[in-house]
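The residues making up each chain are set out below.
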Amino acid sequence: MSVIDSLMAFTFAATLLTLTPGLDTALILRTASVEGRKQAFQAQMGINAGCLIWGAMVAFGLGALIAVSELAYNVLKYCGAAYLCWLGLTMLLRPRGALTGINSVENPSQNWFIKGILGNVLNPKVGIFYVSFLPQFIPHGQPLIAWTFGLVMIHVLIGTCWSTALISATRPLATFLRKPRVIRWMDRCTGIVFLLFATRLALSKR
């Protein structure tokens with residue numbers, strides 16, 4: 001896969017994943033609708049910081065792991081493929097009917113930047129997702145650390161644009177995204193994408 005192909009494929013996949021309602025979307029919607037736009041932007045900045053923290057851990061940890069042995073690389077590859085397959089099948093066969101997490105935080109006086117960081121960093125699924133997902137879009141022979149951070153920044157930029165749209169039009173978008181039919185449709189589409197990437201990862205070579 002060429003550099004341009006990798007960037008285009010990752011941007012498409014990251015956009016689809018960002019638009020799929022999840023915990024981060026729930027936090028932004030809840031904060032914007034209950035606490036206000038300023039707090040929602042603080043939460044978004046915290047989520048971005050959490051993504052960068054995970055990116056750093058993945059970039060340096062993954063680089064060291066791959067450098068150790070072929071066995072370590074293959075174990076990581078198949079674990080990542082298995083995780084993506086499980087996640088994709090779950091979303092495809094058992095899509096959610098409601099967006100959970102909207103009312104998970106009730107203290108309006110807390111620091112929403114810290115809330116955004118903790119909500120992201122303390123979610124191990126984000127780390128597992130980055131480990132299994134990002135390496136697929138790093139062209140062979142390219143610097144792992146630089147590419148990892150570059151892809152994370154693309155993800156952060158897409159997430160920021162989406163969150164800004166959510167915050168700017170909180171009520172109509174929140175109503176739309178909370179519809180069970182929309183959530184199920186998005187879950188199924190993302191599940192199919194996960195299954196495709198799981199297959200691609202399992203068949204890939206070092």
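Residues numbered from 1 in each chain as written. Predicted model: local features only at pLDDT ≥ 70, side-chain atom pairs only at ≥ 80, totals over all residues. Heavy atoms only, no water.

**A few points about a positive patch on the surface**
What counts here: A patch consists of residues exposed above 30% relative accessible area that lack any salt bridge, with like charges linked at up to 9 Å and nonpolar side chains (Val, Leu, Ile, Met, Phe, Trp, Tyr) linked at up to 5 Å. Accessibility throughout is a Shrake-Rupley quantity obtained with a 1.4 Å probe, and a residue counts as covered only by protein chains that appear here. In the sections that follow, a salt bridge refers to a side-chain nitrogen of Lys or Arg positioned within 4 Å of a carboxyl oxygen of Asp or Glu. Only four residue types enter the charge count: Lys and Arg as positive, Asp and Glu as negative, with His and the chain ends excluded. In this description, the location of a charge corresponds to atom NZ of lysine, CZ of arginine, CG of aspartate or CD of glutamate. Secondary structure elements follow DSSP: runs of H or I no shorter than four residues count as helices, runs of E no shorter than two count as strands, and numbering proceeds from the N terminus.
A grouping of Lys179, Arg181, Arg184 and Arg188 is seen on the molecular surface, where their side chains present a positively charged patch. If you trace the backbone, Arg181 turns up in helix H9 (residues 180–203).

**Digging into the UniProt feature "transmembrane region" (unreviewed entry) in the protein**
Here is the rule: UniProt positions are given in the numbering used here, feature names are shortened, and annotations may be inferred rather than shown by experiment.
The sites that carry the UniProt feature "transmembrane region" (unreviewed entry) are, in the present numbering, residues 46–68, 75–93, 113–132 and 144–165. Along residues 144–165, the helical share is 100% and the strand share 0%, with 32 Å between the first and last C-alpha atoms.

**Here we look at the environment of Met153**
We apply this condition: Per-residue accessibility, obtained with a 1.4 Å probe over protein chains only, is compared with the maximum for each type, and a residue is labelled buried under 20%, exposed over 50%, and partly exposed between these values.
Structurally, Met153 can be placed in helix H7 (residues 144–168). Met153 sits in the partly exposed class, given a relative accessible area of 44%. In the structure, Met153 is positioned 98 residues away from Gly55 in sequence and 9.1 Å away in space, judged by C-alpha atoms.

**Considering the environment of Leu87**
Structurally, the position occupied by Leu87 is in helix H4 (residues 70–93). Along the primary structure Leu87 and Ala198 are separated by 111 residues, whereas in three dimensions their C-alpha atoms are 9.7 Å apart.

**Concerning the confidence of the model for the protein**
The condition is simple: As a per-residue measure, pLDDT reflects the predictor's confidence and takes values from 0 up to 100. The criterion used for residue contact is that any of the two residues' heavy atoms lie within 4.5 Å.
In this model, the protein carries an average pLDDT of 77, and 76% of its residues clear a pLDDT of 70 or more. Per-residue pLDDT, averaged within each element of the protein, yields its smallest value for helix H8 (residues 170–177) (67) and its largest for H7 (90). When the criterion is pLDDT under 50, residues 102–109 qualifies, and its contacts beyond four places in sequence or with other chains add up to 12 contacts.

**Some thoughts on the packing of aromatic side chains**
As a reminder of what qualifies: Side-chain rings of Phe, Tyr and Trp (the six-membered ring for Trp) are treated as a pair once their centres are within 6.5 Å; stacked means planes under 30 degrees apart, edge-to-face means over 60, and tilted covers the remaining angles.
Per the counting criterion, the structure on display carries two aromatic pairs. Taking the centre distance of 5.4 Å and the plane angle of 70 degrees together, the rings of Phe10 and Phe137 count as edge-to-face. Separated by 127 residues along the polypeptide, Phe10 in helix H1 (residues 3–19) and Phe137 in the loop between helix H6 (124–133) and H7 bring together distant segments of the chain. Judged by its relative accessible area of 0%, Phe137 falls in the buried class. The interplanar angle of 65 degrees and the centroid separation of 6.2 Å between the aromatic rings of Phe60 and Phe149 together place this pair among those described as edge-to-face. Placement of Phe60 in helix H3 (residues 37–68) and of Phe149 in helix H7 is noted, with a sequence separation of 89 residues between them. Looking at Phe149, the relative accessible area reads 25%, which means it is partly exposed.

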